[in-house]
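# Working through the structure, step by step
Spelled out from the first residue to the last, the chains are:
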Amino acid sequence: CNSLRRGVVSERLEASGSKSKRKALQKLRRGWMKEKGFTLIELMIVIAIIAVIAAIAIPNLAAARKSANETSAVASLRTLSSAQTIYRERQTGSGVSYATNLTQLEDLIDQNLQSGGKSGFSFALTGGSFTWTATAMPQDTSTGTRGFFIDNTGLIRVTANHHGKAADSASDAL
C-alpha cells in the first residue's frame with residue numbers, strides 16, 4: 001500500500017515539472033533504493049529455517065526409503081509365489097513341480113528379480129518336486145533392516161537382519 005502511494009506521489013511530482021519538485025522526487029526515489037533487497041540478518045534467518053527443516057526431513061526420508069524397499073521385497077516374494085504356482089501348472093507330468101532357481105521363471109518375473117537383486121535386496125530361490133523357498137535379504141543397512149522368507153505355503157515370514165541371519169520357516173509371520 002505504501003509503494004502504491006509513493007507511485008502516485010511520484011507521478012504527480014513528475015507531472016508538475018518544477019525544480020523543487022524534481023528534487024523531492026529524487027529524494028523519494030533514493031528512499032526507495034534503501035528499501036530494496038534483504039538484510040544480512042533476514043537472509044541468515046531464512047537459511048537457519050531451511051537448515052532446521054532439512055535436519056527434520058532427511059532422517060525421515062531415509063526411513064521412508066527403507067520402508068519402500070522392504071515393501072518392494074515383500075511384493076517381489078509374492079510375485080515369486082505366483083510365478084511358482086504358474087510354473088508348477090505348466091510342468092504337470094514332467095516330474096518337476098517347482099522351479100529350482102530364478103532363471104527358470106524368466107517369462108514369469110521381471111529381469112531385475114530374475115537377476116537376484118531388486119530394490120536393494122538380494123533374492124534366492126530353491127525348489128524341488130514338492131516344496132520351494134525364497135528369501136530376500138537387504139544388500140546393506142541403508143536399503144533395509146529386515147530379511148524375508150516365503151515358501152510353498154505362501155506365508156511370508158520376517159526377521160530382523162542380525163549379522164546376516166536370513167528369515168526361515170521358523171521366523172515370525174509378517
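Look up: the structure comes first, before these words.
Here goes a summary of the coordinates provided.

Attention now moves to the sheet that holds strand S5 (residues 157-160). The strand order across the open sheet formed by six strands is S1-S2-S3-S4-S5-S6, and the pairing between neighbours is antiparallel. Both edges of this open sheet fall to strand S1 (117-118) and strand S6 (172-173), since each of them pairs with a single strand only. Pairing geometry for strand S3 (residues 132-138) and strand S4 (residues 146-151), over four bridges, is antiparallel. Pairing of alanine 136 across the sheet is with phenylalanine 148, part of S4.

Moving on, we come to the environment of glycine 120. Residue position: glycine 120 is located in the loop between S1 and strand S2 (121-127). The spacing of glycine 120 and glutamine 139 is 19 residues in sequence and 5.6 Å in space, taken between C-alpha atoms. Apart from the residues lying within four places of it in its own chain, the contact partners of glycine 120 are Met137, Pro138, Gln139 and Thr143.

How two aromatic rings sit relative to each other is set out by the distance from centre to centre and by the angle between their planes. Per the counting criterion, the structure on display carries one aromatic pair. Between the aromatic rings of phenylalanine 121 and phenylalanine 148, the centroid separation amounts to 6.1 Å while the plane-to-plane angle is 40°, which identifies the pairing as tilted. Of the two residues, phenylalanine 121 sits in strand S2 while phenylalanine 148 sits in strand S4, which places them 27 residues apart along the sequence. Taken as a pair, phenylalanine 121 and phenylalanine 148 share a single burial class, namely buried.

About the cut-offs
- Residues numbered from 1 in each chain as written.
- Predicted model: local features only at pLDDT ≥ 70, side-chain atom pairs only at ≥ 80, totals over all residues.
- Heavy atoms only, no water.
- Pairing = 2+ DSSP bridges.
- Helix = DSSP H or I, 4+ residues; strand = E, 2+ residues; numbered from the N terminus.
- Contact = heavy atoms within 4.5 Å.
- Phe/Tyr/Trp six-rings, centres within 6.5 Å; stacked < 30°, edge-to-face > 60°.
- Buried < 20%, exposed > 50% of the residue type's maximum accessible area, 1.4 Å probe, protein only.

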